[in-house]
Amino acid sequence: MTDIARTFLDKSRHLLMSDYLPKLERCLEELSDEDVWWRPNEASNSIGNLMLHLTGNLREWIIGGVGQRAFERVRQQEFDERSHLPGKELLATLRATLKESDDVLGSVDPESLLTRRQIQHDGWTVLEAIYHVVEHFGMHTGQMIMLSKMRAGKDLRLWQP
């Protein structure tokens, strides 16, 4: 069981740090700050809002929930933000949060994956929390890729190293 658990943890860390993050970095290379905050309509989020949201999600679920460290989050502000923070600043904050999350995931004892944590008023196993975050991050990464392609109007060559 420990081999399966370690494989799950390693793959989760790899997806967040070595798959999703480089794709977001590539997207942001092609965008202005105006593009980062563009939204197709008021019912949709901008890349900037999604980056704030992913940062908050990592803080709550991985750093706070799995790692049981202190965190602050006001979820609605992630979506309400309209101040056009620079894309480089958003990326730096997301990178730092991913690094801290990676440290937490690196310290998870594989035997603890079925222990329960209180996250967003519900009980979740450590495994469920990690699975949620990786899936959630991947979904929003896809949205940001699509928005980036809409704004850049070209192939972002995300498949290249």
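Right above here is the structure, for reference.
A brief structural summary. (Residues numbered from 1 in each chain as written. Predicted model: local features only at pLDDT ≥ 70, side-chain atom pairs only at ≥ 80, totals over all residues. Heavy atoms only, no water.)

Let's shift gears to unusual backbone geometry. The phi angle at Gln-68 is positive, at roughly 55°, despite the residue not being glycine. Within the element layout of this structure, Gln-68 appears in the loop between helix H3 (47-66) and helix H4 (75-80). (Helix = DSSP H or I, 4+ residues; strand = E, 2+ residues; numbered from the N terminus.)

The next thing to look at is the packing of aromatic side chains. Scanning the entire structure with this criterion turns up two aromatic pairs. Their ring planes at 15° and their centres at 5.8 Å tell us that Tyr-20 and Phe-137 sit as a pair that is stacked. Separated by 117 residues along the polypeptide, Tyr-20 in helix H1 (residues 2-29) and Phe-137 in helix H6 (residues 126-152) bring together distant segments of the chain. Residue Tyr-20 shares its accessibility class with Phe-137, and that shared class is buried. (Phe/Tyr/Trp six-rings, centres within 6.5 Å; stacked < 30°, edge-to-face > 60°. Buried < 20%, exposed > 50% of the residue type's maximum accessible area, 1.4 Å probe, protein only.)

Let us look at the pairing of strand S1 (residues 116-119). Alternating positions in S1 separate cleanly, Arg-117 and Ile-119 being buried on one face and Arg-116 and Gln-118 remaining unburied on the opposite face. In terms of strand pairing, S1 meets strand S2 (residues 122-125) through four bridges, oriented antiparallel. Note that in S2 the partner of Arg-117 across the bridge is Trp-124. (Pairing = 2+ DSSP bridges.)

Residues Ile-47, Met-51, Ile-62, Val-66, Leu-94, Ile-130 and Phe-137 are the most contacted members of the largest nonpolar core, which totals 36 residues. Among the elements of the structure, H1, helix H2 (33-37), H3, helix H5 (87-106) and H6 are those that each provide at least two residues to this core. Aside from chain neighbours lying at most four places away, what touches Ile-62 is Asn-57, Gly-67, Ser-101, Val-104, Leu-105, Ala-129, Ile-130 and Val-133. (Core = buried A, V, L, I, M, F, W, Y, C linked by side-chain atoms within 4.5 Å. Contact = heavy atoms within 4.5 Å.)

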